[in-house]
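Chain and residue survey
Each chain, letter by letter, is given below.
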Amino acid sequence: MSASIRATLGPRAFRTAVVPAAGLGTRFLPTTKTVPKELLPVVDTPAIEYVAAEAAQAGADRLVLVIAPGKESVAAHFDPNPDLEAGLAGQSKDALLAKVRRAPGLIRAQVAVQRKPLGLGHAVGCAEPLLAEDEDAVAVLLPDDFVLPTGVLITMAAVRQRHGGSVLCAFDVPREQISAYGAFAIEDTDDPEVKRVHGVVEKPAPEAAPSTFAAAGRYLLDRAVFDALRRIVPGVGGELQLTDAVALLIEEGHPVHVVVHGGGRHDLGTPAGLLRASVDFALADPEIGPELRRWLHDRLRQETT
Ligand code: G1P
């Protein structure tokens, strides 16, 4: 974050973080027959808890989980479990007790139900009835996207304070991968990390993409987005796309900027990506990292001999 942006940091920009978690998780079948993919662990902690921690770190006090019917256990992860806690306390298992209590202590979780899989834009729209009248912006975090190190939402909030409107997070991806993402048409600002957006296209063909800057699953959206979401029509895949609502806002003169994130990213939406994130986090864990590193080293040596 540049000094000029940091200097404008003031009161928090949003209180509610919306987390679309209604997907069926077909890439993780058969596990997702019974376990929502948002509860699959990275090492020992469900992906949704990392997302909640990131939202809380950025100042949110409420998580609105947009779930499909049957995925209530995603929200239950944020409920206290008095019996389990009493049992662990009775055995003085303090470290485990702290782990069990962490999610309920992080943030207040509420549920909005998306009854039909009509797209990401529709899922975000399902959160609107839960917002208080004075909330003029919401954060949206896609739980499949791990943006590392965490904290980009804090930068995004500072950019909204400076420029107004909505602020998204962008990654520069290889052109051949851009068709998996929303792609931004951008121009420079006086801050190399911040670009003004003058268009966004969902999943363009590589040759048609306006740039290689891809939407990366973190959004700080002005409340005006809900009105735009009501006015868009189904787009790519026949779904109501969040990027199409953002594109409509831009057309109507609403300022949109991106923070270009130079850090890392894991895609938890695929088994390979989840595994990578687990290995990455496990290697950094003082308890299991050293042994895992030795094992991986030996295992990879076997591959090459
Ligand atoms: C969604 C968004 C897309 C964004 C991507 C980030 O796509 O529609 O704009 O770039 O998340 O992961 P999905 O991955 O759900 O197809």
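What you are looking at is a predicted structure, and each value in this text was computed from that prediction instead of being measured.

Let's talk about the site of the ligand
- Inspection of the region around the ligand gives L120, L142, D145, Y181, G182, E202, K203, A215, Y219, Q241, T243 and R265 as its neighbouring residues.
- In this structure, an oxygen atom belonging to the ligand sits 3.0 Å away from a main-chain N or O atom of G182.
- Contact between the ligand and K203: an oxygen atom at 2.7 Å from a side-chain N or O atom of the residue.
- A total of 380 Å² of accessible area belongs to the ligand in isolation, and the protein chains cover 74% of it.
- Considered class by class, the residues forming the shell around the ligand number five nonpolar, three polar and four charged.

Some words on the packing of aromatic side chains
- All chains considered together, the criterion is met by three aromatic pairs.
- Judged by centre distance (5.5 Å) and plane angle (35°), the ring pair of F146 and F281 falls under tilted. Pair noted here: F146 is in strand β7 (residues 145–148) and F281 is in helix α10 (residues 271–283), with a separation of 135 residues, a long-range link.
- The rings of Y50, F146 and F281 are connected pair by pair, giving a single aromatic cluster.

Points about the nonpolar core
- Ranked by internal contacts, the top residues of the largest apolar core, which has 42 residues, are F14, L63, L65, F78, L141, M156 and L220.
- Secondary-structure elements contributing two or more residues to this core are β1 (16–21), α2 (47–57), β4 (62–67), α3 (72–76), β6 (137–141), α7 (152–163), β8 (166–172) and β11 (213–222).
- Residue contributions to this core peak at five residues, all from α7.
- With sequence-adjacent residues up to four places away left out, M156 is seen in contact with V167, L168, C169, R218, Y219, L220 and V259.
- Membership of the second largest hydrophobic core comes to 37 residues, among which are A112, V200, L229 and A245.

Quick look at the side chain of S166
- For S166, the position within the fold is in strand β8.
- There is a polar contact of 3.0 Å between the side chain of S166 and the side chain of H254.
- Once residues lying within four places of it in the same chain are set aside, the contact partners of S166 are L220, L221, D222, H254, P255, V256 and H257.

Notes on helix α9 (residues 242–251)
- The element α9 is extensively covered by neighbouring structure, given that eight of its 10 residues are classed as buried.
- Looking only at α9, the buried set comprises L242, T243, A245, V246, A247, L248, L249 and I250.
- For α9, the secondary structure elements touched by its buried residues are α6 (120–125), β9 (182–188), β10 (194–202), β11, α8 (224–231) and β12 (256–260).
- G253 sits one or two residues past α9 and shows a positive phi near 95°.

Comments concerning the packing of α2 against helix α5 (residues 94–106)
- At their nearest, the axes of α2 and α5 sit 9 Å apart, and the two run at 45° to each other. Taken together, the axes of α2 and α5 are oblique relative to one another. In the packing of α2 onto α5, the handedness of the crossing is left-handed. On α5, the residues touching E49, A52, A53 and A56 of α2 are R102, A103 and L106.

Conventions adopted
- Residues numbered from 1 in each chain as written.
- Predicted model: local features only at pLDDT ≥ 70, side-chain atom pairs only at ≥ 80, totals over all residues.
- Heavy atoms only, no water.
- Near = heavy atom within 4 Å.
- Polar contact = N/O pair within 3.5 Å; in protein donor to acceptor, adjacent residues only side chain to side chain.
- Areas by Shrake-Rupley, 256 points an atom, 1.4 Å probe, with all protein chains shown as cover.
- Nonpolar A, V, L, I, M, F, W, Y, C, P; charged D, E, K, R; others polar.
- Phe/Tyr/Trp six-rings, centres within 6.5 Å; stacked < 30°, edge-to-face > 60°.
- Helix = DSSP H or I, 4+ residues; strand = E, 2+ residues; numbered from the N terminus.
- Core = buried A, V, L, I, M, F, W, Y, C linked by side-chain atoms within 4.5 Å.
- Buried < 20%, exposed > 50% of the residue type's maximum accessible area, 1.4 Å probe, protein only.
- Contact = heavy atoms within 4.5 Å.
- Axes fitted to C-alpha atoms, helices over the stretch in contact; angles between N-to-C directions.
- Parallel < 35°, antiparallel > 145°, perpendicular 65-115°, else oblique.
- Left-handed = near helix turned anticlockwise from the far one by under 90°.

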